[in-house]
Amino acid sequence: MPNSVIASSAPAGYVSLVTAQGRVAWRPCPHDSIPRWDQYDAYLFDIDGTLLRDPGRVHYNAFSKACLEVLGHPLSLEPVTVAGSTDPRILRDAFAAAGIADETWRPHLPRLLEAICSAVERQAASMQLTIMPGVVDALRHLAAAGKWLGVATGNLESIGWLKLERSELRQHFTFGGFSDAHEQRADMIAAAAAAARKLAGAHASVVVVGDTPSDIEAARANALPVIAVATGHYSFDRLLEHPPDICAENLAALLLAQPAPFNGSPTNGHMVNAVSKGTSA
Ligand SMILES: [Mg+2]
């Protein structure tokens, strides 16, 4: 991909490059010629669209099953933006879209959340969990550098850990932030960041890694830096509009944007194009 294409798609103030695994763009500190993505003390990884995805849609389908079980009728998520939301907020938005008043369903919220978790557990074998490119290598890279790794997800806790266990990613994480008590993503991120600082120290630097504008906004609401990856529903260019501190088409591309060969592989660290300055707004 020619530099001119990259330059035209990167907003002003970003430096961008293209690796063999995709594009990376970042806001450079003075004299930085590489994205400093592995400089933070603790990492808050979103799950869906960032670490993995489930084309089997077990989690998605559990909402309607739970509603049928608890309230006696199904619930459509079609009108709802689920990417970057939280499970309690998805419920709220779906009921609102169906014209069902808050006071009708909210008293049943604990049972609905429990039923969603149970439905996912029952259907766990139907999950078709796919890990996103570069995830395992990125987690190993950060762990080898002594970083604290946590998840910060809109999933309910039992569902989040279940997905990580079934995809064999669970071992990489020592803490997590979940949506059980947080309808707003920013509140969940605040709790996850507090958990990170309890482990890593009160002054530890914490970064959010996510795949949606909501991840970016929630990080900003907590004055946290954010790395966006375009492995979910939002493209690299859409994410750059929001704008994150670092944006990568995937974590494999971010790993290749390292100054030195990664894990000794002779192909890693090879840049297809030179660094180029973004010029358009
Ligand atoms: Mg996500």
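Just so it is clear, the structure is predicted and the values come from calculations on it, not from any experiment. (Residues numbered from 1 in each chain as written. Predicted model: local features only at pLDDT ≥ 70, side-chain atom pairs only at ≥ 80, totals over all residues.)

### Considering the overall build of the chain
Along the chain, the regular secondary structure elements total 11 helices and 11 strands. The burial tally for the chain puts 46% of its 281 residues in the buried class. Relative to all contacts within the chain whose residues are 6 or more apart in sequence, the contacts with residues 24 or more apart total 67%. (Helix = DSSP H or I, 4+ residues; strand = E, 2+ residues; numbered from the N terminus. Buried ≥ 20, exposed ≤ 12 C-beta atoms within 10 Å, placed from the backbone. Contact = placed C-beta atoms within 7 Å.)

### As for unusual backbone geometry
The amide bond that connects histidine 242 to the next residue, proline 243, takes the cis arrangement and shows omega of -20°. Residue position: proline 243 is located in the loop between α10 (236-240) and β10 (246-248). For glutamate 168, which is not glycine, the phi torsion reads 60° and is therefore positive. Tracing the chain through its elements places glutamate 168 in the loop between α7 (157-166) and β7 (175-177). Of note, alanine 223 is a non-glycine position whose phi angle comes to about 55°, a positive value. Tracing the backbone shows alanine 223 in the loop between α9 (213-221) and β9 (226-229). Overall, the presence of 8 C-beta atoms within 10 Å leaves alanine 223 in the exposed class.

### With respect to the environment of leucine 71
With respect to the secondary-structure elements, leucine 71 resides in helix α2 (residues 58-71). In sequence terms leucine 71 and tryptophan 105 are 34 residues apart; their C-alpha atoms lie 8.1 Å from each other. Those residues in contact with leucine 71 that sit more than four places away from it in its chain are Trp105 and His108.

### A few points about the pairing of β9
Burial along β9 is two-sided: Val226 and Ala228 and Ile227 and Val229, pointing in opposite directions, are all buried. Judged from the three bridges that link them, strand β8 (residues 206-210) and β9 form a sheet pairing that is parallel. When the sheet's bridge partners are listed, valine 208 is paired in β9 with valine 226. In this region the chain leaves β8, passes through α9 and returns to the parallel neighbour β9; the handedness of that crossover is right-handed. Both β9 and β10 contribute to a ladder of three bridges, which runs parallel. Looking at β10, one finds that alanine 228 is bridged to cysteine 247. (Pairing = 2+ DSSP bridges. Right-handed = clockwise from strand over helix to strand, strands pointing away.)

### What about the packing of helix α8 (residues 185-200) against α9?
Contact geometry for α8 and α9: axes closest at 8 Å, N-to-C directions at 60°. Relative to α9, the element α8 is oriented oblique. Crossing of α8 over α9 shows right-handed handedness. Listed contacts from α9 to Arg185, Ala186 and Ile189 of α8 are Ser214, Ala218, Ala219 and Ala221. Taken together, the residues of the contact of α8 with α9 sort by class into five nonpolar, one polar and one charged. (Axes fitted to C-alpha atoms, helices over the stretch in contact; angles between N-to-C directions. Parallel < 35°, antiparallel > 145°, perpendicular 65-115°, else oblique. Left-handed = near helix turned anticlockwise from the far one by under 90°. Nonpolar A, V, L, I, M, F, W, Y, C, P; charged D, E, K, R; others polar.)

### Description of helix α3 (residues 87-97)
Among the residues of α3, Asp87, Pro88, Arg89, Ile90, Leu91, Ala94 and Phe95 are the ones counted as buried. If you follow the buried residues of α3, they end up packed against α2, α4 (102-105) and α5 (109-122).

### So, the pairing of strand β2 (residues 22-26)
The element β2 is extensively covered by neighbouring structure, given that five of its five residues are classed as buried. Here five bridges tie strand β1 (residues 15-19) to β2, and the two strands are oriented antiparallel to one another. When the sheet's bridge partners are listed, leucine 17 is paired in β2 with valine 24. Hairpin remark: β1 followed by β2, antiparallel, with two residues in the connecting loop. When β2 meets β10, the two strands line up antiparallel, connected through three bridges. Across the sheet, the residue bridging to tryptophan 26 is isoleucine 246, located in β10.

Coordinates in, geometry out; function isn't part of it.
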